[in-house]
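Fold and geometry: a report
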Amino acid sequence: MAKLREIQDVTICETTAEMLKKARDAGLSTAFDRADEMSACPIGAKSACCKHCVMGPCRLSSKAPYDKVGVCGATIDTIQARNFARMVAAGTAAHSDHGREMSELFLSIAKGENPDYQIRDEAKLLAVAKDLGVETEGREVKDVAVEVAEICLSQFGQQHGPLKFLERAPEARFKKWQELGLLPRGVDREVVEMMHRTAMGVDQDYKNLTLGAARCALADGWGGSMVSTELSDIMFGTPKPIRGEVDLGVLDANKVNVVVHGHEPHMLDMLCELAEDPEMLAKAKEAGAEGINLVGMCCSGNEQLIRRGLKHAGNFMQCDAVIITGAVDGMMVDVQCIQQGLVSLSQCFHTKFFTTNYRCKIEGAEHIEFHGTENARQSGVELLTKAIENFKNRDASKVTIPDTREQMIGGFSHETINYMLGGTFRASYTPLNDNIINGRIRGVAGVVGCTNPRVKHDWVHYELVKELLANDVLVVQTGCSAITMAKMGFMQPEAAAKYCGPGLREVCEAVGMPPVLHSGACVDNSRILVALSEMVKTGGLGDDISDLPVAGAAPEYMSEKAIAIGHYFVASGVFTVFGVTFPAIEGTKWAEYLFGGIEEDLGGKWAFESDPNKMAALMIDHINKKREALGIHKKKERVLFDMEARRQLEV
Ligand code: SF4
Ligand code: MSK
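Below: a short report on this structure. (Residues numbered from 1 in each chain as written. Chains lettered and ligands numbered in written order. Predicted model: local features only at pLDDT ≥ 70, side-chain atom pairs only at ≥ 80, totals over all residues. Heavy atoms only, no water.)

Structural notes on the overall build of the protein
Along its length, the protein carries 27 helices and 15 strands. Computed over the C-alpha atoms, the radius of gyration of the protein is 24 Å, within 12% of the 26 Å expected from 2.2 N^0.38 for a compact globule of 651 residues. Seen along its three principal axes, the alpha-carbon backbone of the protein occupies a region of about 70 × 65 × 60 Å. Counting every position in the protein, which comprises 651 residues, the buried fraction comes to 62%. For the protein, the share of sequence-separated contacts (at least 6 apart) that also reach a separation of at least 24 residues comes to 75%. Accessible area for the protein stands at about 23,900 Å²; split by element, carbon and sulfur atoms hold 50% of it. For the protein, the separation between the mean place of its 71 positive charges and that of its 88 negative charges on side chains is 3 Å. (Helix = DSSP H or I, 4+ residues; strand = E, 2+ residues; numbered from the N terminus. Rg over C-alpha atoms; globule rule 2.2 N^0.38 Å. Buried < 20%, exposed > 50% of the residue type's maximum accessible area, 1.4 Å probe, protein only. Contact = heavy atoms within 4.5 Å. Areas by Shrake-Rupley, 256 points an atom, 1.4 Å probe, with all protein chains shown as cover. Lys, Arg positive; Asp, Glu negative; His and termini not counted. Charge placed at Lys NZ, Arg CZ, Asp CG, Glu CD.)

As C-alpha cells, then:
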C-alpha cells in the first residue's frame, strides 16, 4: 500500500484537513487518499498512448527521439494532438449541453409554458437581443424572448455560417479566425467533426488537428458557454456585488442541511425559493429542525452565490469533506464533476444522496428526476421533503461541523465591472484601461478552474494569486479556484491593503472593490471573453485581445472542460498557463507548436508550469511583454516579493 501524504501536505484548507483526519481515523476512503494509493499512469499522463482502434492500444515512448509509432504508423505528435482534441471536444460538449438545457428552459418560459420560472432581468434580455440582431422596438417582451430563445437554440444545430456571439469579438480577432477558417458553425457540428477527425485514419496532421480543436473550443467559449451564461442571467438575474459566506462552517447543526452540487443553476434556483417557503419551513419544524439550511457546492453553487448570496460549502475537493461532517441530510447533484465515490461515502453517514438528472445516474444513489421544463416546483418539493425527513436520522455522535467560514463579496459580471469602474452614469471600461495604461494596474489575470488531489489542495491557487496581486495584477476568477480565494479572505475589499502592490491597492480602495473578482461558474468564463473584447473596443490597448496585457491560468485543473476553456482562451489570443501536469511530452513537434508556434497563428499560446511562483513569473513576464509592445511599460518591472517584502506589505 502506498504511503499517504501527511495531511498538511494534502491541503492548506483547514476545514478540509479537519475532515480528512476524521475520515482517516474512521478508516473512510477519500479522493485525496485514493490519489496517493494509485499513482497516475505515466504513459497516460504524458498522452503517449492511443486506443482509437483495436489494432492497439498502442503505447509509444515518452523519451526522445520520439520515433516509435503506433501499429497504423501514427506518430507521437498525431497521437497527442488527437487525444488533446478529444479532450477539447468532451469539454465543449459538457458546457454546451448545459447551454442547450438553459436554452430549452428559456424557450419554455418565453412561450409562457413554464409557470415555475420567470424572466428576472429584462434589461439583459434586451441587451442580448440587440447583440443577436433581434428587433426590440415596439415589441412585447415575450415576443423578443421567444426569438432570442430560438436563436440561442439554433446555435447548437446550425450547419452553416458563424455562431452569433462571435461578432462580440474585436474585428481584428474575428478576421483572424475567418482567415484561418476557424469560425465555428453550430456547436454540435464542431463536436461531431472533432470526434470524426480524431477517429482512426482521419486527420493525422498535428497542426491541423490542433487548429481544428481551436474551432471546436471557440464553439464552447463563444457559443455553448456564452449562451448558457447570458440566458442564465436573464432567467436568474445578472450578478451584482453581493455578500456571501463560504467554507464548511456554513453548515448549521440545528437546521436541515441540504447541499446542492453540480452545474446547471435551475434546480438550485428552485430549491432557493422552496427553502424559504412557509410550507417547507413548517415541515422542517415538524421534523425537529430550526429551519432549512440550503448551501451550494462547486459551480451551480457559484452561480447562486454571486446572484443571491447563497452560502457556499466549498470547492470540488471539499465534496468528500462536506459529507464527512456527518451533518448533511440531503445532497443533490445534477451534472459534471460529481465523483462516484461520494455515494459510498454518504452511505457511511445518514446522508441521502440524490441524482436528479437523466444524464447522470449513479449506482447506489436515489434518483429523483428534475426537469426545469416540467413540474420543476413539484420535483423540488419532493427532493427537499426527502432531505427534511432524513433530519431525524442524523447521528449526533458522527457530526463535526468546522467552525470556519469566510465572508466575501462576489458578483462581478462584466456588466458590473463596467458600472463599478465607470460609474452608473458613464458605465465603461475606460477607467480600467486608463489604470492599465498609467501603470497602476499592470494587467489582468483570469485564474480559474478546478482543484485536484494530485497537488496540495488550494495551495497553488493561493500562492499564484498572492504573487499576481503583489505585482499589481488584477485577478478575475471563476469556478472552484474562486472558492479557494474566497475562503482565504481575498474577496473582501480589505484584502487590497493586505496583498496588493501600491497601484492596484490604490484603484481597489478608490472603488471599494476586492482585488480578486468572483465572476461565476466554470461556464461563466465566457464573461471574461466579453470583458476582454470590451477592453479592446474601449481603446488604448491595441486592436486585438492578443494585444492586451492579460494572461490566464488553471493552476489545479482536473477536468476536460478546463482543457476546452484553456484552448478557447488561447484561440482568442490569451497566454494560458496550466498546472498539475500536462498531457504533452516536451520536445515533441506537437508540444513545441502548442507551447510556441501556435502563437504565430492565434496570438495566444499554452504553457505548463506546476510551481505557482514560476507560473506567476511566466504570466507577469507575458503581461510586461504586452505592455512593452503597447509602449506603456515604463517603471513597471516585475518585483519579486520575498517573505520580508510581503510582511512589509501586510503591515
Ligand atoms: Fe494504434 Fe493507430 Fe489504432 Fe491508435 S489508431 S490504437 S495508434 S493502430
Ligand atoms: S466545478 S470543472 S472542478 S472548476 Fe465547475 Fe470546479 Fe473544475 Fe468542476
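Next comes the rest of the write-up.
Observations concerning the pattern of salt bridges
Under the counting rule described, the total for this entry stands at 41 salt bridges. Where Lys386 meets Glu366, a salt bridge forms, and the shortest distance between an N and an O atom there is 2.8 Å. Of this pair, Lys386 sits in helix H16 (residues 376–390) while Glu366 sits in strand E8 (residues 366–367), and the two are 20 residues apart along the sequence. Take Lys386: its relative accessible area is 28%, and that puts it in the partly exposed class. Residues Glu509 and Arg505 are paired through a salt bridge, measuring 3.4 Å at the closest nitrogen-oxygen approach. Linking Glu509 with Arg505, this pair stays in helix H22 (residues 502–511), spanning four residues, or about one helical turn. A relative accessible area of 30% means that Arg505 is categorised as partly exposed. One salt-bridge network, in which partners are shared between bridges, spans Lys124, Asp131, Arg168, Glu230, Asp233, Glu303, Arg307, Glu415, Asp524 and Arg527. (Salt bridge = Lys/Arg side-chain N within 4 Å of Asp/Glu carboxyl O.)

Some thoughts on the environment of Ala321
Among the structural elements, Ala321 can be located in helix H14 (residues 319–324). Sequence separation between Ala321 and Ala23 is 298 residues, and the spatial gap between their C-alpha atoms is 8.5 Å. Ignoring any residue separated from it by four or fewer positions in sequence, one finds Ala321 in contact with Thr16, Met19 and Leu248.

Describing the site of ligand 1
The full set close to ligand 1 counts 13 residues, and Cys50, Cys53, Cys58, Cys72 and Met200 are the nearest of them. Assessed atom by atom at 2 Å from the grid points, ligand 1 resides in the second largest cavity. Within the shell around ligand 1, the residues separate by chemical class into nine nonpolar, three polar and one charged. (Near = heavy atom within 4 Å. 1 Å grid on protein atoms, 1.4 Å probe; cavity = no way out; pocket = protein on both sides within 12 Å on 5 of 7 lines; lining within 4 Å. Sits in = over half its atoms within 2 Å of the grid points. Nonpolar A, V, L, I, M, F, W, Y, C, P; charged D, E, K, R; others polar.)

Considering the site of ligand 2
His263, Cys299, Cys337, Cys480 and Cys522 are the nearest of the 13 residues found near ligand 2. Because more than half of its atoms lie within 2 Å of the grid, ligand 2 is assigned to the largest cavity. Within the residue set of the shell around ligand 2, elements represented by two or more residues are helix H13 (298–308) and helix H20 (479–487). Class assignment of the residues belonging to the shell around ligand 2 gives a composition of eight nonpolar, four polar and one charged. Each of domain 2 (248–398) and domain 3 (412–630) contributes no fewer than three residues to the shell around ligand 2. (Domains from an automatic or database assignment.)

As for the packing of aromatic side chains
Enumeration according to the criterion identifies 15 aromatic pairs in this entry. Ring geometry for Phe578 and Trp606: centres 4.8 Å apart, planes at 70°, overall edge-to-face. Here the residue Phe578 occupies a position in strand E14 (residues 575–578), and Trp606 occupies one in strand E15 (residues 606–608), the gap between them amounting to 28 residues. Each of the two residues, Phe578 as well as Trp606, counts as buried. Judged by centre distance (5.3 Å) and plane angle (65°), the ring pair of Phe582 and Phe595 falls under edge-to-face. In this pair, Phe582 sits in the loop between E14 and helix H25 (589–602) while Phe595 sits in helix H25, placing the two residues 13 residues apart along the sequence. Accessibility expressed as a relative area gives 22% for Phe595, which makes it partly exposed. (Phe/Tyr/Trp six-rings, centres within 6.5 Å; stacked < 30°, edge-to-face > 60°.)

As for the layout of surface pockets
Its volume calculated, the largest pocket comes out at about 840 Å³. For the lining of the largest pocket, the secondary-structure elements that each account for two or more residues are helix H3 (31–37), helix H4 (42–45), strand E1 (49–50) and helix H5 (76–110). The two domains that each donate at least three residues to the lining of the largest pocket are domain 1 (76–236) and domain 3 (412–630). As a volume, the second largest pocket reaches approximately 630 Å³. Considering the residues around the second largest pocket, the lining is formed by 26 residues, among which Lys124, Ala127, His414, Glu415 and Tyr419 are closest to the centre. Of all elements in the fold, only helix H6 (122–131), helix H17 (414–422) and helix H23 (525–538) reach the threshold of two or more residues within the lining of the second largest pocket. For the lining of the second largest pocket, the per-class residue count stands at eight nonpolar, six polar and twelve charged. (Points joined across faces, edges and corners; volume = space filled by probe spheres on them.)

As far as function goes, none of this settles anything; it's purely spatial.
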